[in-house]
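Breakdown of the fold
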Amino acid sequence: MRLFVGLGNPGAKYAHNRHNIGFAVVDEIARRHGFAPWRRRFQGETAEGTLDHERVVLLRPMTFMNESGRAVQEAASFFKLSAGEITVFQDELELPPAKVRVKVGGGIAGHNGLRSISSHIGNDYRRVRLGIGHPGVKELVHGYVLSDFTKDDRPWVEALREAIADNAGLLVTNRDSTFQNKVHLAMQAKGFLDKDDDGDA
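Our subject in this report is the structure included herewith.

Cut-offs and rules
- Residues numbered from 1 in each chain as written.
- Predicted model: local features only at pLDDT ≥ 70, side-chain atom pairs only at ≥ 80, totals over all residues.
- Heavy atoms only, no water.
- Phe/Tyr/Trp six-rings, centres within 6.5 Å; stacked < 30°, edge-to-face > 60°.
- Helix = DSSP H or I, 4+ residues; strand = E, 2+ residues; numbered from the N terminus.
- Buried < 20%, exposed > 50% of the residue type's maximum accessible area, 1.4 Å probe, protein only.
- Axes fitted to C-alpha atoms, helices over the stretch in contact; angles between N-to-C directions.
- Parallel < 35°, antiparallel > 145°, perpendicular 65-115°, else oblique.
- Left-handed = near helix turned anticlockwise from the far one by under 90°.
- Contact = heavy atoms within 4.5 Å.
- Nonpolar A, V, L, I, M, F, W, Y, C, P; charged D, E, K, R; others polar.
- Core = buried A, V, L, I, M, F, W, Y, C linked by side-chain atoms within 4.5 Å.
- Salt bridge = Lys/Arg side-chain N within 4 Å of Asp/Glu carboxyl O.

What to know about the packing of aromatic side chains
For the structure shown, the criterion picks out six aromatic pairs. Ring geometry for Tyr14 versus Phe64: centroids 6.0 Å apart, planes at 80°, classification edge-to-face. Of this pair, Tyr14 sits in the loop between strand E1 (2-6) and helix H1 (21-32) while Phe64 sits in the loop between strand E4 (54-61) and helix H2 (68-79), placing them 50 residues apart in sequence. The class of Tyr14 is buried, set by a relative accessible area of 18%.

As structure tokens, this is what we get:
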């Protein structure tokens, strides 16, 4: 069994924020794979289903980003899951828009959602880092992540959600590099990444 956590802030005013791309991705996984309806529990909302013959619980913490770890810890304790069985989908300032990177463990790069999760369950969970780009200077970061994607952003955000949902089963079976490569190729094929971009940067 696996726990997939999408990070974001609850409420309509945050729904289309860059910071909420994790919510958007798990929503698409639930929709694409016919998961059961969302329900409230573990200080969040969960939907259950199957990916690649494995039971998967999707979790959207409703604690606000900075307290995401409370919901993750509660769900992990209930299902008796180790950090290695948990995958977190997060916005990533240090990656260009439409890029995806998968890593297990590592630093939190100032991400308050990851900071909270690491403080509750340790650092050895998988992060699917969803590139949203950087506003250029540190002082603009807070406003940037809490602002909505622009109209020009929406096509690549939608394509990224679909590519991740299509290939999410690979994460269940720990085929992280294959997942990353397939998502990259899908985004390249739709024209959102340069053809000469090999996916390593």
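Topic: the packing of H1 against helix H5 (residues 154-167)
To characterise two packed helices, one gives the angle between the axes of the helices and the distance between these axes. Taken N-terminus to C-terminus, the directions of H1 and H5 make an angle of 50°; their axes are 9 Å apart at the nearest point. Classed by the angle they form, the pair H1 and H5 counts as oblique. Between H1 and H5 lies a crossing of right-handed hand. Each of Ile21, Ala24, Val25, Asp27, Glu28, Ile29 and Arg32 in H1 lies in contact with H5, whose residues at this interface are Trp156, Glu158, Leu160, Arg161, Glu162, Ile164, Ala165 and Asp166. Here the residues of the contact of H1 with H5 are counted per class, giving eight nonpolar, no polar and seven charged.

Observations regarding the nonpolar core
The tendency in soluble globular proteins is for nonpolar side chains to be buried as a group. Ranked by size, the top nonpolar core spans 38 residues in total, and within it Phe4, Ile29, Phe89 and Ile164 carry the most contacts. Tallying contributions element by element places H5 first for this core, with seven residues. Listed in part, the 19 residues of the second largest apolar core include Phe42, Ile86, Ile117 and Tyr125.

Re the pattern of salt bridges
Here the idea is simple: oppositely charged side chains can pair when their charged atoms come close. Scanning all chains against the criterion turns up 15 salt bridges. A salt bridge links Asp176 to Arg126; the shortest N-O distance between them is 3.0 Å. Residue Asp176 is found in helix H7 (residues 176-189), and its partner Arg126 is found in strand E7 (residues 126-131); the two are separated by 50 residues along the sequence. Given the relative accessible area of 4%, Arg126 is considered buried. Residues participating in the shared-partner salt-bridge network are Glu28, Arg31, Arg32, Glu158, Arg161 and Asp166.

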